[in-house]
Amino acid sequence: MKKYLKLITANLTIAVIAVVLYSPGLVNLRLSDYSIFRAGMSIIAALLLILAFFLINIRLLKEPDHRPVTLEDVRDLDKAKEILRSHCEGRYFGNLARTAADQLDRIFQCRKRLSGILEQKFTRGTISFQKFDSVALAAESSAIKNVVAMANRMRLFDEKEYARLQHYREDDIPDDIQEEQLRLYQKNFDDVRSTIALNEKILLKLDALAMEISASTSTDAADLNNELIGEIERLIDETRYYE
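Summarised in this report is the structure supplied together with it. (Residues numbered from 1 in each chain as written. Predicted model: local features only at pLDDT ≥ 70, side-chain atom pairs only at ≥ 80, totals over all residues. Heavy atoms only, no water.)

## Regarding the overall build of the chain
- Regarding its fold elements, the chain presents eight helices and zero strands.
- Scanning the chain from its N terminus toward the C terminus, one meets helices and strands in the order α-α-α-α-α-α-α-α.
- Residues counted as buried form 36% of the 243 residues belonging to the chain.
- Counting only contacts in the chain whose residues sit at least 6 apart along the sequence, the fraction spanning at least 24 positions is 65%.
- Carbon and sulfur atoms provide 59% of the accessible area of the chain, an area that totals close to 15,100 Å². (Helix = DSSP H or I, 4+ residues; strand = E, 2+ residues; numbered from the N terminus. Buried < 20%, exposed > 50% of the residue type's maximum accessible area, 1.4 Å probe, protein only. Contact = heavy atoms within 4.5 Å. Areas by Shrake-Rupley, 256 points an atom, 1.4 Å probe, with all protein chains shown as cover.)

Laid out in structure tokens, this is it:
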């Protein structure tokens, strides 16, 4: 529904712009204008409006890409966010996609903050610096893997079919078959939610690690820091269950 509202709004905007540009009493662009500049602008403006019309309509009306996402498609956090944005307008996964995209922003900020703290506390390239920096990098990679897993689940989700199944008792297809289909869809939802929860746990532990390092000297609280690193590594290891 949102897609069609955007489509109507965009086309009305193009129509209003065209009226303003070509109506007498307003901008009044026309090919027969005595001014070469204004005559030329009438052609350029028309071409731009036509181009905008086709680009907007093609983009909003095209079918979603159901090709599986691979790690090769997702080079960094920005690419991961781009993939999630393609699902943000979905009826069923929209909120989850927006939440996951927000998590990626927070992971980026957390890693940036942690890197700044490490540079203050340790010399870059030392064992201590590498130990903490590597776990932050692994957490970012884990978040990207989780996004790939979520995107593939979202792309396989047929919203029209799921909406039809909400009224499965009203058709002639055996109910037990359709109930099994609904269970599969529900598992898809649950797995995406679990992946988001996993990312949130990783974020929490990264924030805790940054706070502990910031509050300690280079030698203090070593046991606590190692415990936090161990917890983060265990959470990262859980990622493989959602791939």
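So much for the structure itself; the text now carries on.
## Quick look at the nonpolar core
- Core analysis: the largest hydrophobic core is formed by 48 residues, its most contacted members being Leu114, Leu209 and Ile213.
- Breaking this core down by element, the ones donating at least two residues are helix 3 (77-85), helix 4 (94-121), helix 5 (127-155), helix 6 (159-165), helix 7 (175-215) and helix 8 (222-238).
- The element contributing the most residues to this core is helix 7, with twelve residues.
- One finds Leu21, Leu29, Ala45 and Leu49 within the second-largest nonpolar core, a separate group that totals five residues. (Core = buried A, V, L, I, M, F, W, Y, C linked by side-chain atoms within 4.5 Å.)

## Quick notes on the side chain of aspartate 133
- Among the secondary structure elements, aspartate 133 is positioned in helix 5.
- One buried charge, aspartate 133, has no salt-bridge partner; the nearest side chain with opposite charge is arginine 111, at 4.2 Å. (Lys, Arg positive; Asp, Glu negative; His and termini not counted. Salt bridge = Lys/Arg side-chain N within 4 Å of Asp/Glu carboxyl O.)

## Some details on the packing of aromatic side chains
- In this structure the tally under the stated criterion is six aromatic pairs.
- Relative to phenylalanine 189, the ring of phenylalanine 93 has its centre 4.8 Å away and its plane inclined at 35°; by these criteria the two rings are tilted. With phenylalanine 93 in the loop between helix 3 and helix 4 and phenylalanine 189 in helix 7, this pair connects stretches of sequence that are 96 residues apart.
- Through pairs of rings, three or more aromatic residues link up here, namely Tyr92, Phe93, Tyr162, Tyr185 and Phe189. (Phe/Tyr/Trp six-rings, centres within 6.5 Å; stacked < 30°, edge-to-face > 60°.)

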